[in-house]
Amino acid sequence: MVHVRAFDEVFSDTVVQRTSYVSDEIIYGAKFIPMFYPDKNNESTILDLDKLNIYQKAEIPLSELKNNNEPRAV
C-alpha cells in the first residue's frame with residue numbers, strides 16, 4: 001500500500017492518494033524523472049506526458065537499510 005500526501009498550493013488544500021501494488025510493480029532504488037519545466041518566458045509550466053513512467057536510479061540513504069540491504073518496514 002502506498003500513501004501519498006501533498007499540499008496543493010493553488011487550492012490551499014491537502015491532497016491524498018492511496019494505491020496498492022504487487023511486488024513485481026515496485027522498483028526499489030528508483031525515482032521518477034521530472035515531467036515539468038518552465039517555458040522559455042517563465043510564464044507557463046510545460047508538462048511532458050512522454051516522461052510519465054520514466055525513472056532513474058536513486059540513492060538509498062543508509063538509514064533506510066537494515067540487514068542484507070533490505071528495505072526497512074515502516
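Structure's up top.
Note that this is a predicted model, so its numbers are computed, not measured. (Residues numbered from 1 in each chain as written. Predicted model: local features only at pLDDT ≥ 70, side-chain atom pairs only at ≥ 80, totals over all residues. Heavy atoms only, no water.)

**Side note on the overall build of the protein chain**
Phase 1 of the analysis: Along its length, the protein chain carries 0 helices and 6 strands.
Phase 2 of the analysis: Counted from the first residue to the last, the protein chain has its helices and strands arranged as β-β-β-β-β-β.
Phase 3 of the analysis: Here the protein chain holds 74 residues, and the buried ones make up 5% of them.
Phase 4 of the analysis: Accessible area for the protein chain stands at about 7300 Å²; split by element, carbon and sulfur atoms hold 52% of it. (Helix = DSSP H or I, 4+ residues; strand = E, 2+ residues; numbered from the N terminus. Buried < 20%, exposed > 50% of the residue type's maximum accessible area, 1.4 Å probe, protein only. Areas by Shrake-Rupley, 256 points an atom, 1.4 Å probe, with all protein chains shown as cover.)

**Focus on unusual backbone geometry**
Phase 1 of the analysis: Of note, S12 is a non-glycine position whose phi angle comes to about 50°, a positive value.
Phase 2 of the analysis: When you line up the elements, S12 lands in the loop between β1 (2–8) and β2 (13–19).
Phase 3 of the analysis: The class of S12 is exposed, set by a relative accessible area of 54%.
Phase 4 of the analysis: Not every positive phi belongs to a glycine, and N42 is a case in point at roughly 55°.
Phase 5 of the analysis: With respect to the element layout, N42 can be found in the loop between β4 (36–38) and β5 (45–47).

**Describing the pairing of β1**
Phase 1 of the analysis: Bridge analysis of β1 against β2 gives 7 bridges, and the strand direction is antiparallel. Its bridge partner lying in β2, D8 is registered against D13.
Phase 2 of the analysis: A loop of 4 residues connects β1 with β2, the two strands running antiparallel in sequence, and S12 in this loop sits at a positive phi of about 50°. (Pairing = 2+ DSSP bridges.)

**Here we look at the environment of D50**
Phase 1 of the analysis: Checked against the element boundaries, D50 lands in the loop between β5 and β6 (55–57).
Phase 2 of the analysis: Along the backbone, D50 and M35 are 15 residues apart, and their C-alpha atoms lie at a distance of 8.2 Å.

Note that every value here comes from positions in space, so none of it alone points to a role or purpose.
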